[in-house]
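Okay, here's what each chain looks like letter by letter:
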Amino acid sequence: MALLVVKEESVKTEGGSDYITKSGIYDLTLKHTEVVTTPNGAVQVNYFFDKAMSYGNNIIGINGQPTFGYKILEALAATLGESELSDAEPTTVTFKKGSKELNCVPELNDVVVKAWIQIKYRMYKGEIQEDVAVRRFYRQSDGAAGSEVLEDTGFGDRLEKDTLVASEIKYEDGTTPESVAAWKAAQQSANKGSAAPAKAGGTGGFPGGGAAKAKAGFPGAK
């Protein structure tokens with residue numbers, strides 16, 4: 001009688017979840033970068049990484065003006081040696097649960113980067129919201145930020161400085177580590193007692209989910 005029978009799916013998950021759950025700077029493959037217009041007229045980009053999660057930044061506000069997210073995207077282009085980015089075009093994106101056609105920037109498919117992912121908690125209509133967004137990109141080979149690439153000097157200096165604070169989680173609107181821990185525990189309890197998952201927090205700055213919600217239904221672009 002066999003002690004066990006190896007199950008391929010079980011072995012695939014031995015390393016645990018690929019979801020990023022802590023603020024920090026990570027080596028990632030940017031699989032696709034989707035561009036969408038929100039119902040209120042803002043423009044956002046959704047960065048789909050290989051680490052089973054997507055993060056969104058506003059790039060054009062509802063006033064039609066570029067935001068800080070636009071500068072992040074611009075600096076990303078610089079780290080990749082791109083002087084401009086083409087308009088988004090229909091792209092088939094494969095996820096773990098199927099495929100979807102999204103409007104993606106062609107120059108930003110399957111590129112290896114370093115990215116500072118920041119987690120922030122805030123209040124919205126009396127409920128805690130989790131925001132996850134990209135703060136900065138760096139060139140994978142030497143850690144150079146976009147400004148350093150354009151100036152051709154100081155490669156990695158910005159990364160070294162950012163590393164000192166990159167692990168910090170922001171708590172705003174009176175949220176605290178204790179209140180967030182209690183909120184997460186309540187969500188886990190709700191998930192165990194119901195077939196429907198608890199409401200996920202959003203990313204970015206839009207009410208009730210932000211610039212782009214984590215793609216809970218289609219995580220992990222391949």
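As the structure is a prediction and not an experimental result, all values here were calculated from the model. Throughout this description, residue numbers start from 1 for each chain and increase along the sequence as written. Thresholds applied to this predicted model are a pLDDT of at least 70 for local features of residues and 80 or more for the giving and counting of side-chain atom pairs; totals over whole chains, interfaces and linings are not thresholded and use all residues. Here the side-chain values reflect all heavy atoms present in the structure, with hydrogen atoms and water set aside.

Caption draft 1: Fine view of the pairing of strand β5 (residues 98-104). Relative to β5, strand β4 (residues 89-95) runs antiparallel, the two sharing seven bridges. Paired with Val-93 across the bridge in β5 is Lys-100. The turn linking β4 back onto β5 is made up of two residues. Two strands make a pair as long as DSSP finds a minimum of two bridges between them. Runs of E in the DSSP output that reach at least two residues are strands. Runs of H or I that reach at least four are helices, and both are numbered from the N terminus.

Caption draft 2: Focus on the packing of aromatic side chains. Stacked, tilted and edge-to-face are the three classes applied to pairs of Phe, Tyr and Trp rings, where Trp contributes its six-membered ring and a pair requires centres within 6.5 Å; stacked means planes under 30 degrees apart, edge-to-face means over 60, and tilted covers the rest. Under the definition given, this model contains six aromatic pairs. Taken together, a centroid distance of 5.1 Å and an interplanar angle of 70 degrees make the contact between Tyr-47 and Phe-137 edge-to-face. Of the two residues, Tyr-47 sits in strand β2 (residues 43-49) while Phe-137 sits in strand β7 (residues 127-139), which places them 90 residues apart along the sequence. Phe-137 shares its class with Tyr-47; the two are buried. Measuring from centroid to centroid gives 6.4 Å for Phe-49 and Phe-137, while their planes differ by 40 degrees, and the two rings are tilted. Of this pair, Phe-49 sits in strand β2 while Phe-137 is found in strand β7, placing the two residues 88 residues apart along the sequence. For every residue, the accessible area obtained with a 1.4 Å probe (protein chains only) is divided by the maximum for its type, and the residue is called buried under 20%, exposed over 50%, and partly exposed between those limits. A relative accessible area of 0% means that Phe-49 is categorised as buried. Through a chain of ring-to-ring contacts, the aromatic side chains of Tyr-47, Phe-49 and Phe-137 assemble into a single cluster. We note Arg-135 situated over the ring of Trp-116; from NZ or CZ to the ring centre the distance is 4.6 Å. Whether a charge sits over a ring comes down to the Lys NZ or Arg CZ being within 6 Å of the ring centre and within 35 degrees of the ring normal. Its end group placed over the ring of Phe-155, Arg-139 keeps NZ or CZ at 4.9 Å from the ring centre.

Caption draft 3: Region of interest: the confidence of the model for the protein. The predicted model of the protein has a mean per-residue pLDDT of 82, with 78% of residues at 70 or higher. Every residue is assigned a pLDDT by the predictor, reflecting its confidence on a scale from 0 to 100. For the protein, per-element mean pLDDT is lowest for helix α1 (residues 8-12), which scores 53, and highest for helix α4 (residues 157-163), which scores 96. Throughout, a contact is declared for two residues whenever any of their heavy atoms are within 4.5 Å. Between residues 195-219, whose pLDDT stays under 50, and residues either more than four places distant or in other chains, the model counts 72 contacts.

Caption draft 4: Helix α2 (residues 68-79), seen in detail. Here the expected length of a helix is defined as 1.5 Å per residue gap, with one fewer gap than residues. Between its first and last C-alpha, α2 extends 17 Å over twelve residues, near the 16 Å set by a 1.5 Å rise per residue. What α2 keeps buried is the set Gly-69, Ile-72, Leu-73, Leu-76, Ala-77, Ala-78 and Thr-79. For α2, the secondary structure elements touched by its buried residues are β1 (24-37), β2, β3 (54-60), β6 (111-124), β7 and α3 (146-151). At the C-terminal side of α2, Gly-81 shows a positive phi close to 80 degrees.

Caption draft 5: Main features of the nonpolar core. Core analysis: the largest hydrophobic core is formed by 26 residues, its most contacted members being Leu-30, Tyr-47, Phe-49, Leu-76, Ile-117, Val-134 and Phe-137. Contributing elements (two or more residues each) for this core: β1, β2, β3, α2, β6, β7 and α5 (177-193). No other element matches β6, which puts six residues into this core. Residues belong to one nonpolar core when they are buried, are Ala, Val, Leu, Ile, Met, Phe, Trp, Tyr or Cys, and are joined through side-chain atoms within 4.5 Å.

Caption draft 6: Focus on the side chain of Thr-91. Here Thr-91 shows up in strand β4. Contact partners of Thr-91, with chain neighbours within four places excluded, come to His-32, Lys-100, Glu-101, Leu-102 and Cys-104.

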